[in-house]
Amino acid sequence: MRTPPLPQTLWRNALVIALDEAHGATPFRADVLVEGADIRAVADVSLPGRPVPSPGTTVVDASGLLLTPGLVNAHTHSWEILLRGTSAPLPLEVWTLLSYPPTGVAPVPSRLVHLRTVVAALESLRGGATTLLDDTGELPGQTPAGIAEVFRAYDATGIRATCTGTGIDVPIVDRLPFADEVLPAEVLAASRDSMPPSAVVQEAFFAFSAEARMLARPYPRIRYALSPSAPQRVTDEFLVRAADQAREHGEVLHTHLLETKLQQTLARGRYPGRTIVEHLDALGVLGPNLTAAHGIWLTPHDLELLAASGATVAHNPISNLKLGSGTLPWRAMHDAGVRVALGSDGASSNDTMRMLDVLKQTALAHTLGDPDYRRWPLVSEVLHAGTVAGARAAGWSDRTGSLTPGLAADIVVYDLAATTAFTPLNDAAQQLVFAENGASIAEVWVDGRCVLRGGRSTLVDEDALLAEFRAEASAYLEAQLPEWRRLQESLEPAIREAYLRAWSPAG
Ligand SMILES: Nc1nc2[nH]cnc2c(=O)[nH]1
């Protein structure tokens, strides 16, 4: 029996920003042929060899369209969608104490996990992203049932995602500076009591990971990764074990790294004579599969080590501004050869997952303070970070990141006349980064399937799901927030004082 031919779509004469090896971010006119899940051809219309449609091919006159690879969000926390809008800008250490739910908050019901993940996916697609590296682990705890719900929700919306299990085996008192000074005794005790010894946490975490990895297997667009949350939040044993396992399974290893100046200061006590990056290098944790979020407070030697290891830093410029974390050394990183990808970070430190916003902010955030404007980010670098480098950071470079024959058809289709962002059309790459906000997106394709058209999901009943999300989220938050808010308000003055003291210690 002959197998039926795969469906084909041919966009004729599209403006294309392919981010492939030959063209990089330079726009050109091309015919783009998709067959089944994959890109078959991206043929420059000025050259011979344009694809000929077979009978049954859907042919689109794309002369008014711009086609780009889907953006890759290389660092986010989808679960923070629930916390959107709960906090004004605050420094990370204060934000962690005041904005993250304290011990004792009820587990999030499975249905709410599903619904908030659908929101994350739809918001991402509308913001131009087709792939996420979602540091899914959440307070107050992750379970196989919870992460299975995340997988199901991403699968239902058609988006591509690597979802992490997040590990922490250091009690809050030891991982957050001044936590012991400012948290009430009962919160500290609860936090300590809920944190079994490291060996027990590790057993539970790696057992959870084995199950999560198996649960991800049926989904073609979902992968699992390990995320020891941050060097200050895990023991060295945990880090090394996670790094070994990630290598063994060919997975991404995700972590947070040197997001704040305080982390750098405190590391001097914890790792005498070494920076955190030097310590990670000595442990054997650095490597091409490591994606470290933030990477702001790095020394020139740290940059050399990161570059030599092939690790990627996922830059989150909007979150860095909201939390006042500092400015990632963009030019020094590029000069040193460090791979840089881009992330939105969580929806309570951004507060959206729109990657087009992240592109623009990246292009703007590094112009301050350096009069040598040739060192400022190039639009081509920003687009490369948001696509090719992101795909590698998220563990998907075998499938996505550029419009290249053989890769998946993960394509964002912009209607150049839908808004004024591309009017007049002078330089599509500049206008994509600086003028477009997602409103010109006509369609988003993932794995050769149109998953968003005219801003609406083609796969799920958005209106029903969002209405259900609003109701479920309000019910959960109304039950949890008042007590948490009372605690926050009572703690804030002490936290502020302790934070300021830690930032600029006397003498
Ligand atoms: N920005 C930021 N967000 C987080 N969400 C959970 N952990 C972190 C962190 O270390 N930094």
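Going along each chain's sequence as written, the residues are numbered from 1 onward. For this predicted model, a pLDDT threshold of at least 70 governs which residues receive local features, and a threshold of 80 or more governs which side-chain atom pairs are given and counted, while totals over whole chains, interfaces and linings are taken from all residues. The basis for the side-chain values is all heavy atoms of the structure; hydrogens and waters are excluded.

Chemist: Explain the overall build of the protein chain to me, using residue names and the numbers behind them.
Modeler: Counting from the N terminus, the helices are DSSP H or I runs at least four residues long and the strands are E runs at least two residues long. Along the protein chain, the regular secondary structure elements total 18 helices and 17 strands. Atoms considered for the radius of gyration are the C-alpha atoms alone. The globule rule reads 2.2 Å times the number of residues to the power 0.38. By the compact-globule yardstick of 23 Å for 507 residues, the protein chain fits well, its C-alpha radius of gyration being 23 Å. Expressed along its principal axes, the backbone C-alpha trace of the protein chain runs to roughly 70 × 50 × 45 Å. Accessible area is worked out with a 1.4 Å probe on protein chains only. A residue is then buried under 20% of its type maximum, exposed over 50%, and partly exposed in between. Per-residue burial for the protein chain yields a buried fraction of 58% across its 507 residues. In what follows, residue pairs with any heavy atoms lying within 4.5 Å of each other are defined as contacts. Contacts in the protein chain between residues at least 24 apart in sequence constitute 76% of all its contacts with a sequence separation of at least 6. Surface exposure here means Shrake-Rupley accessible area, sampled with a 1.4 Å probe, where a residue is shielded only by the protein chains that are shown. Accessible surface, the protein chain: about 20,000 Å² in total, of which carbon and sulfur atoms supply 56%. Taking the 41 positively charged and 57 negatively charged side chains of the protein chain as two groups, their mean positions are separated by 3 Å. Charge assignment in this entry is limited to Lys and Arg as positive and Asp and Glu as negative, and neither His nor the chain termini are counted. For charged residues, the charge sits on one atom: NZ in Lys, CZ in Arg, CG in Asp, CD in Glu.

Chemist: I'd like a rundown of empty space enclosed by the protein, residues and numbers included.
Modeler: Points on a 1 Å grid, built from protein atoms alone, make a cavity when a 1.4 Å probe fits but cannot get out and make a pocket when they are open with protein on both sides within 12 Å along at least 5 of 7 lines; residues with an atom within 4 Å of a point are the lining residues. Grid points are joined across faces, edges and corners, and a volume is the space filled by probe spheres set on the points. Under the definition given, this model contains two cavities of 30 Å³ or more. Volume-wise, the second largest cavity comes out at about 50 Å³. Elements with a minimum of two residues in the lining of the second largest cavity: α1 (92-98) and α18 (462-503). Under the convention adopted here, Pro, Cys and the residues Ala, Val, Leu, Ile, Met, Phe, Trp and Tyr are nonpolar, Asp, Glu, Lys and Arg are charged, and Gly plus all remaining residues are polar. Looking at the lining of the second largest cavity residue by residue, the class counts come to five nonpolar, three polar and two charged.

Chemist: Go over the packing of helix α10 (residues 276-283) against helix α11 (residues 300-309) with me, naming the residues and quoting the values.
Modeler: Note on geometry: axes are C-alpha line fits, over the in-contact stretch for helices, and angles between N-to-C directions span 0 to 180 degrees. Here α10 crosses α11 at 35 degrees, and the two axes come no closer than 9 Å. Along this stretch, α10 crosses α11, giving a crossing that reads as left-handed. Residues Val277, Glu278 and Asp281 of α10 form the contact with α11, whose participating residues are His301, Asp302, Leu305 and Leu306. Among the residues forming the contact of α10 with α11, the class breakdown is three nonpolar, one polar and three charged. Whether a crossing is left-handed or right-handed is set by the direction in which the near helix is turned from the far one by less than a right angle, anticlockwise for left-handed and clockwise for right-handed.

Chemist: Give me the lowdown on unusual backbone geometry, citing residues and values where you can.
Modeler: Look at the link from Asn350 to Asp351: it is a cis peptide, with omega at 10 degrees. Mapped onto the secondary structure, Asp351 falls in the loop between β13 (339-342) and α14 (355-365). Each neighbour pair has its own omega, and for Thr423 with Pro424 the value is -10 degrees, a cis peptide bond. Tracing the backbone through its elements, the reader meets Pro424 in the loop between β14 (411-415) and α17 (428-434).

Chemist: Break down the site of the ligand for me, with residues and values.
Modeler: For this purpose, a residue is taken to be near a molecule or strand whenever a single non-hydrogen atom of the residue falls within 4 Å of it. All residues adjacent to the ligand are His77, Glu80, Leu92, Trp95, Tyr100, Arg233, His256, Glu259, His294, Ser319, Leu323 and Asp345. With respect to the ligand, the side chain of Glu80 contributes an N or O atom lying 3.0 Å from a nitrogen atom. Compared with its free state, where it exposes 280 Å², the ligand has 94% of that area covered by protein. Polar contact criterion, stated in full: a pair of N or O atoms within 3.5 Å, where within protein one must be able to donate a hydrogen and the other to accept it, and residues adjacent in sequence count only if both atoms are side-chain atoms.

Chemist: Mind laying out the pattern of salt bridges, listing which residues take part and the relevant values?
Modeler: By definition here, a salt bridge exists when the distance from a side-chain nitrogen of Lys or Arg to a carboxyl oxygen of Asp or Glu is within 4 Å. In this structure the tally under the stated criterion is 27 salt bridges. Between Asp31 and Arg12 there is a salt bridge whose closest N-O contact spans 2.9 Å. Within this pair, whereas Asp31 is found in strand β2 (residues 28-35), its partner Arg12 is found in strand β1 (residues 8-16), the two being separated by 19 residues in sequence. For Asp31, a relative accessible area of 0% gives the class buried. Here Glu462 makes a salt bridge to Arg456, at a shortest N to O gap of 4.0 Å.

Chemist: Mind laying out the nonpolar core, listing which residues take part and the relevant values?
Modeler: Counting 112 residues, the largest nonpolar core has Ile17, Tyr154, Tyr224 and Leu383 as its most contacted members. Of all the elements, helix α2 (residues 110-126) adds the most residues to this core, at nine residues. For this core, the two domains that each supply at least three residues are domain 1 (8-69 + 405-455) and domain 2 (71-393). Residue contacts for Tyr154: discarding those within four places in its chain leaves Ser78, Thr117, Ala120, Ala121, Leu132, Asp134, Ile159, Ala161, Cys163 and Ile222. Here the nonpolar core consists of buried residues drawn from Ala, Val, Leu, Ile, Met, Phe, Trp, Tyr and Cys, with membership extended through side-chain atoms lying within 4.5 Å. Grouped together as the second largest cluster of nonpolar side chains are 19 residues, Ala14, Ala62, Val413 and Trp445 included. Segmentation into domains, and thus their bounds, comes from an automatic or database assignment.

Chemist: Got a sec to walk through the layout of surface pockets? Specific residues and values, please.
Modeler: If you add up the space inside the second largest pocket, you get close to 250 Å³. Around the second largest pocket, the lining is made up of 17 residues, and of these Gly250, Glu251, Val252, Arg392 and Gly395 lie nearest the centre. For the lining of the second largest pocket, the secondary-structure elements that each account for two or more residues are β9 (222-228), β11 (290-294) and α16 (388-393). Residues belonging to the lining of the second largest pocket are distributed by class as follows: six nonpolar, eight polar and three charged.

Chemist: Lay out the domain arrangement of the protein chain in plain terms, naming residues and giving numbers.
Modeler: Domain assignment breaks the protein chain into domain 1 (8-69 + 405-455) and domain 2 (71-393). A C-alpha centroid distance of 31 Å is found between domain 1 and domain 2. Taken together, the contact pairs 25 residues of domain 1 with 25 residues of domain 2. Buried area: the accessible area, evaluated with a 1.4 Å probe, that two parts lose upon being put together, summed over both parts. Between domain 1 and domain 2, the buried area comes to about 2,000 Å², and carbon and sulfur atoms account for 66% of it. On the domain 1 side of the contact with domain 2, Leu19, Val433 and Phe434 bury the most area, a combined 28% of that side's loss. The shortest N-O distance in the salt bridge between Asp447 and Arg221 comes to 3.2 Å. Secondary-structure elements contributing two or more residues to the side of domain 1 that touches domain 2 are β14, α17, β15 (441-446) and β16 (449-453).

Chemist: Which residues make up the pairing of β11, and what are the values?
Modeler: For β11, the buried fraction is high: five of the five residues fall into the buried class. In short, DSSP must find at least two bridges between two strands for them to pair. As paired strands, strand β10 (residues 253-257) and β11 are joined by five bridges and run parallel to one another. Across the sheet, residue His254 finds its bridge partner in β11, namely Thr291. Note that β11 and strand β12 (residues 312-315) share three bridges and pair parallel. Pairing of Ala292 across the sheet is with Val313, part of β12. With α11 bridging β11 and the parallel β12, this β-α-β connection has right-handed handedness. Looking down the strands as they point away from you, a crossover is right-handed if its path from the first strand over the helix to the second goes clockwise.

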